[in-house]
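Here is what each chain is made of, one letter per residue.
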Amino acid sequence: MRRTNGEGGIYKDENRNRWIAQYYAGVNKDGKRIRKTITAKTKPELLKKLNEAMYLRNNTDFTKNNNITLIELIDIIREEKFKSNVIGEGQYRRLNQTAKVIRESEIADITIQSLNSYDIQNFLNSLTHYSDSYIRKIHELIKGACAKAVKKEYITKNPMDEVIKPRSKNITKDVRALTLQEQSKLVNYLKSVRIDEEPYKVCMLLQMFSGLRIGEALALKKDDIDFKNGVIKITRTLTLDLNGNVKMNNRVKTYSGRRRLLIPDEIREELKEQVELSKIHKDNLLFVANNGYVRHNSVNSVLKRIFRMQLGLDDEGISTHVLRHTFATRCIELGMNAVVLQKLMGHHDIGITLNTYTSVFNEFKENEIKKVGKSLSKKLAEMSEEYEL
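This one's a predicted model, so the numbers in the text were calculated from it and none came from an experiment.

A.B. asks: Help me understand the overall build of the protein in this model?
C.D. replies: A count of helical and extended segments in the protein gives 15 helices and eight strands. Burial status across the protein gives 43% buried among its 389 residues. At a minimum sequence separation of 6, the contacts of the protein that also span at least 24 residues come to 59%. Carbon and sulfur atoms provide 49% of the accessible area of the protein, an area that totals close to 22700 Å².

Here's what the structure looks like:
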């Protein structure tokens, strides 16, 4: 059966027991027509699929996007997610920054129809001087663009199916956490000074004893602290807008980030004092700078200054994120289950928890095995004495 207007023909393959149709889906960059094939179990199903394909082919947006470049498709996906409120301004900025590496590469302006696995693999292989996490982010951007191209029928085969994500040449650094001695010195110092002397002391204590992200801690308000039930409600975070200005985001980083944490007994009194002060702050925020939002790097600078000037310790690698990691590390050292730690940290995936703290979990496992070995040796020795008697 022949059809007109570039709709090709329809026939049944008796060997496969499938109905087949071929049609022209436009032209490639060289002006040659692109022929595509559709199959279905029944003729009515095939005609439905073919009509949908014809609509897409004749649709203006499809025709325009049929020769879309890789970077254009990546940008479109990011814009769609932002407009749909799937990502916030902070994540939008980070995705745009990651896309910059692709934008400056040779594959950026290759049309999605001409993009092949060889070009993508060569590009990714050139990134091994970056960290594994950064390579993964770039890999995910290209993978998402190619998947969308297949879904939109711009291409029939996903070139990413044959691409291997390379590993970084850099040595993966273990998560930095404070040693017990460092933590003890910092806690003793913070508890010894007044809030007017160190305005972010309670913020730092909260991170060390509750594992809050810095943005979550700085977004806390008076009503988030429930002393009656002994919990802290985490429902929002401070982030940066498209222009790099601090803004309140009324949702946390992930859905799992919304959580209730117990108020640590160790810092209950300090927290009460901070809540009292918040009554005169803007929007009853616990922490303010000139009665406005606090920038993350302001707290980082203060923490580094405390390490150098007050504790006499090296501030290399010290940041507020180290305080969060310190909480997680102490939890693991005390034998906390990874699933419980995941909930406390607000990770949406247990894999993030396990991957982030792999070395800590391994060290804990080795210590526990040593304890079992010592206990077993002691038991065997006791039994040997009994037999000798």
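Still to come is the rest of the account.
A.B. asks: Honestly, helix H11 (residues 296-310) in this entry has me stumped. Any pointers?
C.D. replies: Three- or four-residue spacings in an α-helix give side chains the same orientation, since the helix completes a turn every 3.6 residues. A rise of 1.5 Å per residue sets the reference length of H11, with its 15 residues, at 21 Å; its end C-alpha atoms lie 21 Å apart and thus fit the reference within 8%. Buried residues of H11: Val299, Val302, Leu303, Ile306 and Phe307, and no others. Down the axis, H11 shows its buried residues gathered within 135° of arc, on one side only. Of the surrounding secondary structure, the elements contacted by the buried residues of H11 are helix H7 (180-192), helix H8 (201-210), helix H9 (214-218) and helix H12 (320-333).

A.B. asks: Explain the packing of H7 against H8 here, please?
C.D. replies: For any two helices packed against each other, the geometry is given by the interaxial angle and the distance between the axes. The interhelical angle for the contact between H7 and H8, taken along N-to-C directions, is 145°, at an axis separation of 10 Å. For the element pair H7 and H8, the recorded crossing hand is left-handed. Residue-level inspection shows Gln183, Leu186, Val187, Leu190 and Lys191 of H7 in contact with H8, the latter providing Lys201, Met204, Leu205, Met208 and Phe209.

A.B. asks: Could you clarify how one ought to interpret the pattern of salt bridges in this entry?
C.D. replies: Two side chains bearing opposite charge may form a pair once their charged atoms approach each other closely. Counting across every chain of the model gives 19 salt bridges. The salt bridge partner of lysine 191 is glutamate 270, with a shortest N-O separation of 3.0 Å. In this pair, lysine 191 sits in helix H7 while glutamate 270 sits in helix H10 (residues 268-278), placing the two residues 79 residues apart along the sequence. With a relative accessible area of 35%, lysine 191 lands in the partly exposed category. Of the charged contacts in the structure, one is a salt bridge between aspartate 223 and lysine 222, with a shortest N-O distance of 3.1 Å.

A.B. asks: Sorry if this is basic, but what is going on with the pairing of strand S8 (residues 259-262) here?
C.D. replies: Taking every second residue as pointing to the same face, the buried face of S8 carries Arg259 and Leu261, while none of Arg260 and Leu262 on the other face is buried. Pairing geometry for strand S5 (residues 231-234) and S8, over four bridges, is antiparallel. Residue pairing across strands places lysine 233 opposite arginine 260, the latter belonging to S8.

A.B. asks: What should I look at first to understand the environment of glycine 312 in this one?
C.D. replies: Looking at where glycine 312 falls in the secondary structure, it is placed in the loop between H11 and H12. For glycine 312 and lysine 185, which are 127 residues apart along the polypeptide, the C-alpha to C-alpha distance reads 9.9 Å.

A.B. asks: Quick question: what am I supposed to make of the nonpolar core here?
C.D. replies: Generally speaking, nonpolar side chains in soluble globular proteins are found buried as a group. One finds Leu186, Met204 and Leu206 to be the most contacted residues of the largest nonpolar core, which totals 45 residues. Every element with two or more residues in this core is listed here: H7, H8, H9, S5, strand S7 (246-249), H10, H11 and H12. Of all hydrophobic cores here, the second largest spans 30 residues; its members include Leu70, Leu115, Ala149 and Val163.

A.B. asks: Please clarify how helix H6 (residues 132-151) should be interpreted in this entry.
C.D. replies: Taking 1.5 Å of rise per residue, the 20 residues of H6 would be expected to cover 28 Å, and the 28 Å separating its terminal C-alpha atoms lies within 8% of that figure. Every buried residue of H6 is accounted for by Tyr134, Ile135, Ile138, His139, Leu141, Ile142, Ala145, Cys146 and Ala149. Burial along H6 is one-sided: seen end-on, the buried residues are contained in an arc of 150°. Check the buried side of H6 and you find it contacts helix H3 (70-83), helix H4 (89-103) and helix H5 (117-125). After H6 finishes, the residue glutamate 153 shows a positive phi value of roughly 65°.

A.B. asks: Could you clarify how one ought to interpret unusual backbone geometry in this entry?
C.D. replies: With a phi close to 55°, asparagine 17 is a non-glycine residue in the positive phi region. Looking at the secondary structure, you find asparagine 17 in the loop between strand S1 (10-13) and strand S2 (18-27). With a relative accessible area of 48%, asparagine 17 lands in the partly exposed category. Positive phi, close to 55°, is recorded for asparagine 290, a residue that is not glycine.

A.B. asks: Would you explain the sheet that holds S5 in this entry?
C.D. replies: Whenever strands of a sheet pair, they do so through backbone hydrogen bonds, lying parallel or antiparallel. The sheet built from three strands is open, its strands ordered S4-S5-S8 with antiparallel pairing. Among the strands making up the open sheet, the edge pair consists of strand S4 (225-226) and S8.

A.B. asks: Hey, could you run me through the packing of H3 against H4 in this one?
C.D. replies: Between H3 and H4, the least distance of the axes is 11 Å, while the angle of their chain directions is 180°. With respect to H4, the element H3 is oriented roughly antiparallel. Touching Leu70, Ile71, Ile74, Asp75, Arg78, Glu79 and Phe82 of H3 are Glu89, Tyr92, Leu95, Asn96, Ala99, Ile102 and Arg103, all from H4. In terms of residue class, the contact of H3 with H4 is made up of eight nonpolar, one polar and five charged.

A.B. asks: Could you clarify how one ought to interpret a positive patch on the surface in this entry?
C.D. replies: Judged by side-chain charge, Arg93, Arg94, Lys137 and Arg295 come together as a positively charged surface patch. One can find arginine 93 in helix H4. We classify arginine 93 as partly exposed; its relative accessible area is 31%.

Parameters and conventions
- Residues numbered from 1 in each chain as written.
- Predicted model: local features only at pLDDT ≥ 70, side-chain atom pairs only at ≥ 80, totals over all residues.
- Heavy atoms only, no water.
- Helix = DSSP H or I, 4+ residues; strand = E, 2+ residues; numbered from the N terminus.
- Buried < 20%, exposed > 50% of the residue type's maximum accessible area, 1.4 Å probe, protein only.
- Contact = heavy atoms within 4.5 Å.
- Areas by Shrake-Rupley, 256 points an atom, 1.4 Å probe, with all protein chains shown as cover.
- Expected span 1.5 Å × (residues − 1).
- Arc of directions from axis to C-beta.
- Axes fitted to C-alpha atoms, helices over the stretch in contact; angles between N-to-C directions.
- Left-handed = near helix turned anticlockwise from the far one by under 90°.
- Salt bridge = Lys/Arg side-chain N within 4 Å of Asp/Glu carboxyl O.
- Pairing = 2+ DSSP bridges.
- Core = buried A, V, L, I, M, F, W, Y, C linked by side-chain atoms within 4.5 Å.
- Parallel < 35°, antiparallel > 145°, perpendicular 65-115°, else oblique.
- Nonpolar A, V, L, I, M, F, W, Y, C, P; charged D, E, K, R; others polar.
- Patch = residues over 30% accessible without salt bridge, like charges linked within 9 Å, V, L, I, M, F, W, Y side chains within 5 Å.
- Lys, Arg positive; Asp, Glu negative; His and termini not counted.
- Charge placed at Lys NZ, Arg CZ, Asp CG, Glu CD.

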